[in-house]
Amino acid sequence: MAEINEIIKPENLVYAKSKVLTDNVMSYCPGCTHGVVHKLIAEVIEEMDIQEKTIGVCPVGCSVLAYNFLDIDWQQAAHGRAPAVATAVARLKPEKIVFAYQGDGDLASIGTAEIIHACNRGENMVVIFINNGIYGMTGGQMAPTTLEGMPTSTSPYGRDIKMTGHPLRITELIAQLPGTNFVTRQAAHTPASVRKCKKAIRKAFDNVAAKKGTSFIEVVSTCSSGWKLSPVKSNEWMVEHMFPFYKLGDLKDE
Amino acid sequence: MAKVKGAIKVDDEKCKGCSLCVVACPQKVISLAKEVNGKGYNYAYMANPDECTGCTNCAMVCPDSVITVYRLKSQVEA
Amino acid sequence: MAEYRLMKGNEVIAEAAIRFGCDGYFGYPITPQSEIMETLMLRKPWEETGMVVLQAESEVAAINMVYGGAACGKKVLTSSSSPGISLKQEGITYIAGAELPCVIVNVVRGGPGLGTIQPAQSDYFQAVKGGGHGDYRLIVLAPASVQEMNDFVGLGFDLAFKYRNPVMILSDGVIGQMMEKVQLGDFKPRWTDAEIIKMHGSWATTGKTPDRKHNIITSLELDSYRQEKFNHKLTAKYKTISENEVRFEEISCEDAEYLFIAYGSSSRICQKAIELARAKGIKVGLLRPITLFPYPTKKIQSMLSKLKGILAVEMSAGQMVEDVRLAVEGKVPVEHFGRFGGVIPTPNEVVQALEEQIIKRK
């Protein structure tokens, strides 16, 4: 143990929690991707030294409480409306860097109009889209992104596409819109994917700082509570089932 | 070859025992404790501290940002 | 020097917003109020004052843009007409719940549903009693002239920021579409960022600086006891508003034995009805509520001892009359007269209703 104490010294510090994260314990379930993505956003804000310039807009859903975890000014938007709220911030406070943070129910279902039109107008904002194929906060109901055959509390026998339509790859739609300049699909389940995801978030924030329009990052995520799997098994399930349908990589980078 | 020496510090009261760091560690340093914290979670700890290289992978994937990583710099250079 | 112009009610809303230093307008076309955004787009205030004007993809998006702008401490405005205002209700309750200031113009048309594009006053309940979910109130201003359309934009923003509460200008298709002479206000510069931080930096999302905690705009409270405490705070605010901000106009009330109570365009019809009735020897006056919330309840109560009856005249099937009855508490007869569905009552009809429903009443 003496040896460990020699290592754990300020001069040897190589990784610590971002100062842009608050000390509040995150309200998310164990292993939740929200926590990882929050951390990456905080690290990017810290690295770019834009804490004073950043305005976050958080959604309805599990991450409704994101404002408790990142030490920046926040607006909490009605369900699906974050892109409209963020539009006003981008227009009225062009000197700021605004990002909307949304889940898949929020962005791809109830807020479809708002996200499509904000991206089509090329609002100068970052959109972070957490896609875990399920409504987490309300207890694991089917989302527009739920995979075919995937059981949820409102599709207990698995999603029947004849009844409820196909899982929606909204990021592919977003990439078609001229207002977007950077559209990418990332994950955050391994050290390598976390590093890549952070690079994407950094690029998106850099783009907005350079007033390039909308940068859109989908993060294919897990919901271990909704999926009824352990966090580790959830990651395995995501790799096996989500990634073949939601293929990772840049869809657009102009 | 000089071995890189690292160590992690886990904020065990905030750890939720999700195990993502356990599987992310290439050196199999981390395990979940048999004991639980105030919230009832089996928190992560260094079960094999000698193997830690301070690579930061565990902290990278930690959703709750409860892992701080240290590394002996001189040995990194060696 | 005072500047006079002949303008439509809707057009003057746009002109007043620019002159009052409004930072942003977000809207969606709907008859009979589209001239508001059309006038703004023609005027290009972004070149003049820096005011942002944006046609949103829906009324829902527009009101949420208002939320985002108001949360930055900016003076933001939206307008619509009845069906569009229904769509905005979600955003309005969030704005009320997050205690954000803004001005919402409703140029009312007949309903329910898609209804008619003709004028009506059938959104009184929606404006005054809530509209969206939860315990909240809007400050509701009822203009009766193009001049008041102008004046209430400024008054609306003053009240909205004074109380951090949404203000609704409850107009109708008559006031929105008609042209009158209007004295325009002087140009006021938009607030600078420094002014906003000084006045509203304690709550607005102006960017977290090291000298303060981060500002969070939200209407969420998961703890019931804290939510109840917040509801008490709102209730206390509405009480303060009720004590301080009641506005009304009295016309020919000095010797009145009978009283019309009417707001907006109905009050103008009642003014002519007073002339006709007085020519017949009927001593009738008009109380015109200018604020519908807060309602001039105490004023009505103070007039009762001299009154033989009250006729509430409104272009609805009977909405404001309920607030009159709540004020009167059965002490004098109260009746309702209305034409609705886009039909505007004539002064003669109003006099006839007074005679038949109140004066000849047994």
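Residues numbered from 1 in each chain as written. Chains lettered and ligands numbered in written order. Predicted model: local features only at pLDDT ≥ 70, side-chain atom pairs only at ≥ 80, totals over all residues. Heavy atoms only, no water.

**Quick notes on the overall build of chain C**
1) Next: Each helix and strand in chain C was counted, giving 14 helices and 15 strands.
2) Next: Taking 362 residues into account, the globule formula puts the C-alpha radius of gyration at 21 Å, and chain C, at 21 Å, falls close to it.
3) Next: The long-range share in chain C, meaning contacts at least 24 apart out of those at least 6 apart in sequence, stands at 78%.
4) Next: By element, 53% of the accessible surface of chain C is carried by carbon and sulfur atoms, the whole surface being about 14,300 Å².
5) Next: Distance from the positive charge centre (42 side chains) to the negative charge centre (42 side chains) of chain C: 3 Å. (Helix = DSSP H or I, 4+ residues; strand = E, 2+ residues; numbered from the N terminus. Rg over C-alpha atoms; globule rule 2.2 N^0.38 Å. Contact = heavy atoms within 4.5 Å. Areas by Shrake-Rupley, 256 points an atom, 1.4 Å probe, with all protein chains shown as cover. Lys, Arg positive; Asp, Glu negative; His and termini not counted. Charge placed at Lys NZ, Arg CZ, Asp CG, Glu CD.)

**Some points on the overall build of chain B**
1) Next: Scanning chain B from N- to C-terminus turns up three helices and four strands.
2) Next: Starting at the N terminus and ending at the C terminus, chain B contains elements arranged as β-α-β-β-α-β-α.
3) Next: Looking at chain B as a whole, 49% of its 78 residues are labelled buried. (Buried < 20%, exposed > 50% of the residue type's maximum accessible area, 1.4 Å probe, protein only.)

**Things to note about the side chain of His336(C)**
1) Next: Locating His336(C) in the fold gives a position in strand E15 (residues 334–337).
2) Next: A polar side-chain atom of His336(C) sits 3.3 Å from the main-chain amide nitrogen of Gly318(C). (Polar contact = N/O pair within 3.5 Å; in protein donor to acceptor, adjacent residues only side chain to side chain.)

**Brief notes about the interface of chain C and chain A**
1) Next: Each partner contributes residues to the interface: chain C has 37 residues there, and chain A has 35 residues.
2) Next: Between chain C and chain A, a total of about 2,800 Å² is buried, with carbon and sulfur atoms accounting for 60% of that surface.
3) Next: Taken as a group, Glu57(C), Lys208(C) and His214(C) account for 20% of the area that chain C buries against chain A, more than any other trio of residues on that side.
4) Next: Taken together, the links from chain C to chain A amount to four salt bridges.
5) Next: Across the salt bridge formed by Arg121(A) and Glu57(C), the nearest N and O atoms sit 2.8 Å from each other.
6) Next: Linking chain C with chain A are 18 residue pairs in polar contact (both at pLDDT 80 or more).
7) Next: Of all the secondary-structure elements, those providing two or more residues to the side of chain C that touches chain A are strand E2 (24–27), strand E3 (52–55), helix H4 (59–71), helix H5 (82–97) and strand E9 (216–217) of chain C.
8) Next: Among the elements that make up the side of chain C that touches chain A, the one with the highest residue count is H4(C) (eight residues).
9) Next: Among the residues making up the side of chain C that touches chain A, the classes are represented as 17 nonpolar, 13 polar and seven charged.
10) Next: Across two bridges, strand E3 (residues 73–76) of chain A lies against E9(C) in parallel orientation. Each residue of the ladder has a partner; that of Gln75(A), found in E9(C), is Ile217(C). (Buried area = accessible area lost by both parts, 1.4 Å probe. Salt bridge = Lys/Arg side-chain N within 4 Å of Asp/Glu carboxyl O. Nonpolar A, V, L, I, M, F, W, Y, C, P; charged D, E, K, R; others polar. Pairing = 2+ DSSP bridges.)

**Focus: the nonpolar core**
Residues and elements named next belong to chain C.
1) Next: In terms of nonpolar packing, the biggest core is built from 129 residues, with Phe 26 and Ile 310 touching the most fellow members.
2) Next: Of all the elements, helix H7 (residues 146–163) adds the most residues to this core, at 10 residues.
3) Next: Formed jointly, this core draws a minimum of three residues from each of two domains, domain 1 (3–184) and domain 2 (249–359).
4) Next: Leaving out residues up to four positions away in the same chain, Ile 310 has contacts with Leu 259, Ile 261, Ile 300, Leu 304, Val 324, Val 328, Val 332, Pro 333, Val 334, Glu 335 and Ile 358. (Core = buried A, V, L, I, M, F, W, Y, C linked by side-chain atoms within 4.5 Å. Domains from an automatic or database assignment.)

**Considering the interface of chain A and chain B**
1) Next: Contact residues are listed per partner, giving 35 residues for chain A and 33 residues for chain B.
2) Next: Where chain A abuts chain B, roughly 2,800 Å² becomes buried across the two surfaces, and 67% of that area is made up of carbon and sulfur atoms.
3) Next: There are 11 residue pairs in polar contact (both at pLDDT 80 or more) connecting chain A and chain B.
4) Next: Looking at the side of chain A that touches chain B, the elements with two or more residues in it are helix H1 (2–7), strand E1 (13–15), helix H2 (33–48), helix H8 (191–209) and helix H10 (231–245) of chain A.
5) Next: If one sorts the elements of the side of chain A that touches chain B by residue count, H1(A) sits on top with four residues.
6) Next: For the side of chain A that touches chain B, the class distribution of residues is 20 nonpolar, seven polar and eight charged.
7) Next: Sheet topology note: the E1(A)/strand E4 (residues 67–71) of chain B ladder contains two bridges and is antiparallel. Note on E4(B): the bridge partner recorded for Tyr15(A) is Val69(B).

**Here we look at the domain arrangement of chain C**
Residues and elements named next belong to chain C.
1) Next: In terms of domains, chain C is made up of domain 1 (3–184) and domain 2 (249–359).
2) Next: Each partner contributes residues to the interface: domain 1 has 28 residues there, and domain 2 has 25 residues.
3) Next: Taken over both partners, the interface formed by domain 1 and domain 2 buries close to 2,100 Å², and the fraction arising from carbon and sulfur atoms is 56%.
4) Next: Counting the surface domain 1 buries against domain 2, the share from its top three residues, Gln 121, Tyr 124 and Phe 125, is 33%.
5) Next: At the surface where domain 1 touches domain 2, the tally comes to three salt bridges.

**Section: the sheet that holds E3(C)**
Residue and element names in this part refer to chain C.
1) Next: Spatially, E3-E2-E4-E5-E7-E6-E13 is the arrangement adopted by the seven strands of the open sheet, whose pairing is mixed. Each edge of the open sheet is held by one strand with a lone partner, namely E3 and strand E13 (291–293). Each strand axis lies, on average, 20 degrees off the axis of its neighbour in the sheet, ignoring direction. (Axes fitted to C-alpha atoms, helices over the stretch in contact; angles between N-to-C directions.)

**Section: unusual backbone geometry**
1) Next: Omega for the peptide link from Thr31(C) to Pro32(C) comes to 5 degrees, which places this bond in the cis form.
2) Next: Inspection of the secondary structure assignment puts Pro32(C) in the loop between E2 and helix H2 (35–43).
3) Next: In this chain, Gly111(C) is followed by Pro112(C) through a cis amide linkage whose omega measures 5 degrees.
4) Next: Structurally, Pro112(C) is set in the loop between strand E5 (102–108) and helix H6 (124–128).
5) Next: The phi dihedral of Lys228(A) falls on the positive side, at around 60 degrees, and the residue is not glycine.
6) Next: Within the secondary structure layout, Lys228(A) lies in the loop between helix H9 (224–227) and H10.

**Some remarks on the packing of helix H1 (residues 9–19) of chain C against H7(C)**
All names here are of chain C.
1) Next: Where H1 contacts H7, the two axes come as close as 8 Å, and the packing angle between them is 25 degrees. The angle between H1 and H7 places the two elements in the roughly parallel class. Crossing hand, H1 versus H7: right-handed. Contacts from Gly 9, Asn 10, Val 12, Ile 13, Ala 16 and Ala 17 of H1 reach H7 at Val 146, Met 149, Asn 150 and Val 153.
2) Next: Its residues placed into classes, the contact of H1 with H7 shows seven nonpolar, three polar and no charged. (Parallel < 35°, antiparallel > 145°, perpendicular 65-115°, else oblique. Left-handed = near helix turned anticlockwise from the far one by under 90°.)

**Some remarks on the sheet that holds E1(A)**
1) Next: Taken in spatial order, the three strands line up as E1(A)-E4(B)-E1(B) in an open sheet, and their pairing is antiparallel. Two strands close off the open sheet at either side, each with one partner strand: E1 of chain A together with strand E1 (6–10) of chain B. The sheet shows a mean angle of 35 degrees between the axes of neighbouring strands, taken without regard to direction.

**Observations regarding helix H5 (residues 112–121) of chain A**
Residues and elements named next belong to chain A.
1) Next: Listed in full, the buried residues belonging to H5 are Glu 114, Ile 115, Ala 118 and Cys 119. The arc that holds every buried residue of H5, seen down its axis, measures 120 degrees, which confines them to one face.
2) Next: With its phi angle positive at about 65 degrees, Gly 122 sits one or two positions after the end of H5. (Arc of directions from axis to C-beta.)

**Considerations on the packing of aromatic side chains**
1) Next: The tally for this structure, following the rule as stated, stands at 11 aromatic pairs over all chains.
2) Next: Arranged with centres 4.8 Å apart and planes meeting at 85 degrees, the rings of Phe161(C) and Trp191(C) form a pair that is edge-to-face. Here Phe161(C), found in helix H7, pairs with Trp191(C), found in the loop between strand E8 (179–184) and helix H9 (193–200); they are 30 residues apart in sequence, far enough to count as distant. The exposure classification of Phe161(C) matches that of Trp191(C), with both residues buried.
3) Next: Measuring from ring centre to ring centre gives 6.3 Å for Tyr238(C) and Phe293(C), while their planes differ by 90 degrees; the resulting arrangement is edge-to-face. With Tyr238(C) in helix H10 (residues 224–244) and Phe293(C) in strand E13, this residue pair connects regions lying 55 residues apart in the sequence.
4) Next: Among the aromatic residues, those joined into a cluster by ring pairs are Trp74(A), Phe99(A) and Phe205(A).
5) Next: The positively charged end of Arg169(A) is found above the aromatic ring belonging to Phe245(A), 3.9 Å away from the centroid.
6) Next: Above the ring of Phe182(A), the side-chain terminus of Lys203(A) is found at 5.0 Å from the ring centroid. (Phe/Tyr/Trp six-rings, centres within 6.5 Å; stacked < 30°, edge-to-face > 60°. Lys NZ or Arg CZ within 6 Å of the ring centre and 35° of its normal.)

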